[in-house]
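This is what each chain is made of:
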Amino acid sequence: MTRRISLTQYLIEQQRQHGHIPQELRLLIEVVARACKRIAISVNKGALGEVLGTAGSENVQGEVQKKLDIIANEVLIEANEWGGHLAAMASEEMEGIYVVPNRFPQGEYLLMFDPLDGSSNIDVNVSIGTIFSVLKKPEGSAGVSEADFLQPGTQQAAAGYCVYGPQTTLVLTVGDGVVMFTLDREQGSFVLTEDEVKIPEDTKEFAINMSNMRHWDAPMKRYIDECLEGSTGVRGKDFNMRWIASMVADVHRILTRGGVFMYPWDKREPNKAGKLRLMYEANPMAFLVEQAGGAATNARQRIMEMQPTQLHERVAVVLGSKNEVERVTAYHLG
Ligand code: P6P
């Protein structure tokens, strides 16, 4: 039974025992968690809070912004800009970086986030979430620029997400395994509910948007065809399929019971590596999945070793149970 301690107590004990959560990083994580509680309040209001529907604007990706996308983005900016732990922030909802205003002290961390991933699910009451990734500003760089964010995922100091579903759950790694905290609404605090998240190396469950099948490359089609052949084919076992169209919800299921999640390249836009974003979706999820014993590639190489070239660059994603990710990757490299 996992000790029911608060996020604050967990972080302080980790700092005391292992010393690898510096004071500023602990503050950052607690501020992000507090912002997620605030976002959960807006999300849970739904139609009662005048927060559903579109905002009548598009984000830098050219996607229609939901009212809650903008609310969540503003909550994260306002919660994090004054604490002195950050130099700058970057968000799916903002074209450029947000440098901490001069009226506040600047810190050494960089925070990236998808403030509300899975927006297409907001109006139909399906789980959505906030994804975040933390980097350290490179030593010696005067000021802060977009280039400071362009670090491979292996440089992340922390990563996590908060899923707004039947429970509001914060999932976190600082590079020493993965832990889960469930929001206790009576106390108003996140309580440790899983202290050693592990992804089984094998699975019988895959997650992909099957409606895109005709657009995939041959190795991806081969892998899915073999899953569909089940026990009558080379895999010798039947598979199940899930697709929530909310990465946070699909990844949470995989961290909880295993599985493999794929959003592959497809030939409709050959110059686009994939749909998902490297810096604030693929890298944080890859960090969590690897820390839980899984794997994460772009179907050819480890996602966390990719050198970013743009803040909003996209990437193909294959992540989850290690042996399945290795099989998909081997088919692409073969
Ligand atoms: P599709 C949500 O918009 C998102 O970015 C991810 O959370 C999700 O996995 C994917 O896109 C769903 O994409 O094409 O199935 O709607």
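Cut-off values and rules
Residues numbered from 1 in each chain as written. Predicted model: local features only at pLDDT ≥ 70, side-chain atom pairs only at ≥ 80, totals over all residues. Heavy atoms only, no water. Near = heavy atom within 4 Å. Polar contact = N/O pair within 3.5 Å; in protein donor to acceptor, adjacent residues only side chain to side chain. Areas by Shrake-Rupley, 256 points an atom, 1.4 Å probe, with all protein chains shown as cover. Nonpolar A, V, L, I, M, F, W, Y, C, P; charged D, E, K, R; others polar. Domains from an automatic or database assignment. Contact = heavy atoms within 4.5 Å. Buried area = accessible area lost by both parts, 1.4 Å probe. Pairing = 2+ DSSP bridges. Helix = DSSP H or I, 4+ residues; strand = E, 2+ residues; numbered from the N terminus. Axes fitted to C-alpha atoms, helices over the stretch in contact; angles between N-to-C directions. Buried < 20%, exposed > 50% of the residue type's maximum accessible area, 1.4 Å probe, protein only. 1 Å grid on protein atoms, 1.4 Å probe; cavity = no way out; pocket = protein on both sides within 12 Å on 5 of 7 lines; lining within 4 Å. Points joined across faces, edges and corners; volume = space filled by probe spheres on them.

Observations concerning the site of the ligand
- Close to the ligand lie Asp-117, Gly-118, Asn-209, Trp-243, Ala-245, Ser-246, Met-247, Phe-261, Tyr-263, Lys-275, Leu-276 and Glu-281.
- One of the side-chain nitrogen or oxygen atoms of Lys-275 is found 3.0 Å away from an oxygen atom of the ligand.
- When the ligand sits alone it has 400 Å² of accessible area, and the protein chains cover 83% of it.
- The class makeup of the residues in the shell around the ligand is six nonpolar, three polar and three charged.

Side note on the domain arrangement of the protein chain
- Examined at the domain level, the protein chain breaks down into domain 1 (7-194) and domain 2 (205-333).
- Look at where the C-alpha atoms of domain 1 and domain 2 centre, and you get two points 24 Å apart.
- The interface of domain 1 with domain 2 comprises 50 residues on the first partner and 32 residues on the second.
- Where domain 1 abuts domain 2, roughly 2900 Å² becomes buried across the two surfaces, and 64% of that area is made up of carbon and sulfur atoms.
- In terms of surface lost to domain 2, no three residues of domain 1 exceed Ile-131, Leu-150 and Tyr-161, which account for 20% of the buried area on that side.

Remarks on the sheet that holds strand E12 (residues 240-241)
- Spatially, E12-E11-E13-E17-E15 is the arrangement adopted by the five strands of the open sheet, whose pairing is mixed. What marks the edges here is a single partner per strand, and that holds for E12 and strand E15 (295-297).
- Across the sheet, helix H4 (residues 218-229) touches strand E11 (205-207), strand E13 (260-263) and strand E17 (317-320), and the angle it forms with E13 is around 140 degrees.

Concerning the side chain of Arg-253
- Residue position: Arg-253 is located in helix H5 (residues 247-257).
- What makes Arg-253 buried here is its relative accessible area of 10%.
- Side chain to side chain, Arg-253 and Asp-250 meet in a polar contact 2.9 Å long.
- Leave out the neighbours within four places in its chain, and Arg-253 touches Glu-205, Ala-207, Arg-242, Ile-244 and Gly-258.

Looking at the layout of surface pockets
- What the largest pocket holds in volume is close to 470 Å³.
- Lining the largest pocket we find 26 residues, and of these Gly-118, Ser-119, Ser-120, Ala-245 and Lys-275 sit closest to its centre.
- When residues of the lining of the largest pocket are traced back to their parent elements, those giving at least two are strand E2 (64-66), strand E5 (109-117), E13 and strand E14 (276-277).
- By residue class, the composition of the lining of the largest pocket is eight nonpolar, eight polar and 10 charged.
- Each of domain 1 (7-194) and domain 2 (205-333) gives at least three residues to the lining of the largest pocket.
- Counted as a void, the second largest pocket has a volume near 330 Å³.
- Along the wall of the second largest pocket there are 18 residues; nearest its centre are Val-163, Gln-167, His-252, Arg-253 and Thr-256.
- Listing elements by their share of the lining of the second largest pocket, those giving two or more residues are strand E10 (189-194) and H5.
- Residue contributions to the lining of the second largest pocket peak at six residues, all from H5.
- By residue class, the composition of the lining of the second largest pocket is seven nonpolar, seven polar and four charged.

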